[in-house]
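Structural overview for review
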Amino acid sequence: MKLFGRLMEKEDIEPDEFTYSTIIKGLCNDGNIDDALSYLLEMRGSDIVPDVVTYNSLVDGLCKSGRWNDATRMLKDMTEQNIFPDVVTFSILVDSISKEGRTEEAEGILGIMIRRGEKPNVITYNALIDGYCLQGQMKKAKEVFDSLVEKGLEPDIRSYNTLINGFCNKMNLDEAMDLFREIPRKGLEPATETYNTLLKGLLLAGRCDAADHMLHEMMCSSQNPDIITYSILIDGFFRNQKIGKAIEVFRFMEDQGIVPNIVVYNVVIDGMWKAGNVQDARKLFSCLSSKGLRPNVTTYNTMISGLCKATLLDEAEELLKDGKNGTDPTIRNQNC
C-alpha cells in the first residue's frame, strides 16, 4: 500500500471515493483491518465521504476477525454519518453471527432488517441456514429453507449445498439424496461442491458402491471432478479398506491430467501405512521431490509414525532430524 501511495504521488493522481473503497476492500479481504481503518481516516481527512460499500467492507472484515466491539462501533459511526445499513450489511451480520453459533441473535437481526424496510435476499437466508447446520439444528435449517418460497424467493445451489452438507454431517444421507434429486427439478444444476459433499458423506457411511455410482454420475454431468473430489475418494476408499480402489482413483487422477498435491500424497502415504504396504509408502515418499513437492509437517508425522510402527526406528530418527533441520530427505533418497 505504500507503493500505491508513491504511485499516486508520482502520477499526481487524487484518489476518490472509489479508489479508497477499492483499497479498503482489498485490505479487509487480506485481513489487514488496521491498515484499512487507517485509510478510512485518511479518506475522511481528505474530505471524501465513505459510502455504504466502504462501511460494508470494514464491517465484514471486523466481523471475520472477531472484533465484534469494533464492528458495533463501525455500525454506530455509519449511522451517525447518515449512512444506513443495506441488505449487504445485514447479510454480513447474519452470516458472521450465525457462524459464531449465535443463531437466535441472527434471527433478531433479521427481524430488525425487515422492520427497517430492508428485504432479506437468498444470501441472507443462506447465511442463517448455514448457521443452523453448523449447530446441527437440521429441523430449523430445513424450516428456513422451506420458508424461502413463501417469502417470494427461490433457493439457489448454495442453499442446497449448505443443507445437503448439514444432513451429511448428521449422517442423514437419505434426506441429503432427496435434496440432491430435487435440484434439477428446480431448474438448477449440481455443482462440483455438491458432488464432493455427497461423496464424502457416502464414504463416511461406508457406502462405497453408492459413492462409485455418484462419481460416475458426476463424470456424466457437466461437472468434472477436481483435486478435492479425488482427495475425498482416495481418503474414503482407504478408510473403508478398499486399497485397490483408492490406488486406482489415484492413478486415474494422474491420467486425467490432475497433478496430485502434497495433501493428496499425504492421504495416499497414510493409507499405504495403514494397509501395511510399507515399501509402497516409503517409495511414494521418496518420489516427492521428483514430482516438484516438498514434505510438510503432516508428511513427516505420517512417515515417522509409520516407520515407528514398522520398527524402522533408525530411519524414523533420521527423518526426524531432517525435519528439524529443514532438510528435504526425498532429494537424496529418490527411488522412483
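Attention here is on the structure that accompanies the text. This is a predicted model, so every value here is computed, not measured.

Things to note about the layout of surface pockets
By rolling a water-sized probe across the atoms, one finds the places where empty space is left. Of the pockets and cavities examined, the largest pocket occupies roughly 490 Å³. Lining the largest pocket are 23 residues, with D60, K64, I92, D95 and I123 positioned closest to its centre. Those elements giving two or more residues to the lining of the largest pocket turn out to be α2 (17-29), α4 (52-64), α6 (87-99), α8 (122-134) and α10 (157-169). Counting residues per element, the lining of the largest pocket draws most heavily on α4, at 6 residues. Roughly 410 Å³ of internal volume is contained in the second largest pocket. Forming the walls of the second largest pocket are 20 residues, and the residues nearest its centre are N165, N196, T197, K200 and I232. Counting residues per element, the ones that place at least two in the lining of the second largest pocket are α10, α12 (192-204) and α14 (227-239). A per-element tally of the lining of the second largest pocket places α12 first, with 7 residues.

Some thoughts on the environment of S98
Residue placement: S98 occurs in helix α6. Exposure remark for S98: the relative accessible area of 1% places this residue in the buried category. Separated by 29 residues in the primary sequence, S98 and A127 place their C-alpha atoms 6.9 Å from one another. What S98 contacts, discounting residues up to four positions off in sequence, is A106, A127, L128 and G131. A distance of 2.7 Å separates the side chain of S98 from the backbone oxygen of V94, its partner in a polar contact.

Some points on the nonpolar core
Of all hydrophobic cores here, the largest spans 95 residues; its most connected members are L163, I164, I234 and V268. Top element by residues in this core is helix α16 (residues 262-274). It accounts for 8 residues. Beyond its immediate stretch of four places on either side in the chain, I234 contacts A246, V249, F250, M253, V264, V267 and V268.

Let's talk about the packing of aromatic side chains
Each aromatic ring pair is described using two quantities: the centre-to-centre distance and the angle formed by the ring planes. All told, the structure shown has 5 aromatic pairs when counted by the stated rule. With 6.3 Å between their ring centres and 55° between their planes, Y20 and Y39 make a pair best called tilted. Remark: Y39 occurs in helix α3 (residues 33-45) and Y20 occurs in helix α2; sequence separation between them is 19 residues. Taken as a pair, Y20 and Y39 share a single burial class, namely buried. Ring centres of Y230 and F252 lie 6.5 Å apart, and the angle between their planes is 55°; on these two criteria the pair is classed as tilted.

Quick word on the pattern of salt bridges
Considering all chains together, one arrives at 17 salt bridges under this definition. In this structure, D77 engages R44 in a salt bridge whose closest nitrogen and oxygen atoms are separated by 2.2 Å. You can see D77 sitting in helix α5 (residues 68-80) and its partner R44 sitting in helix α3, a full 33 residues away along the chain. Looking at R44, the relative accessible area reads 30%, which means it is partly exposed. Overlapping salt bridges bring together D34, R67, D70 and R73 as one network.

The rules we used
- Residues numbered from 1 in each chain as written.
- Predicted model: local features only at pLDDT ≥ 70, side-chain atom pairs only at ≥ 80, totals over all residues.
- Heavy atoms only, no water.
- 1 Å grid on protein atoms, 1.4 Å probe; cavity = no way out; pocket = protein on both sides within 12 Å on 5 of 7 lines; lining within 4 Å.
- Points joined across faces, edges and corners; volume = space filled by probe spheres on them.
- Helix = DSSP H or I, 4+ residues; strand = E, 2+ residues; numbered from the N terminus.
- Buried < 20%, exposed > 50% of the residue type's maximum accessible area, 1.4 Å probe, protein only.
- Contact = heavy atoms within 4.5 Å.
- Polar contact = N/O pair within 3.5 Å; in protein donor to acceptor, adjacent residues only side chain to side chain.
- Core = buried A, V, L, I, M, F, W, Y, C linked by side-chain atoms within 4.5 Å.
- Phe/Tyr/Trp six-rings, centres within 6.5 Å; stacked < 30°, edge-to-face > 60°.
- Salt bridge = Lys/Arg side-chain N within 4 Å of Asp/Glu carboxyl O.

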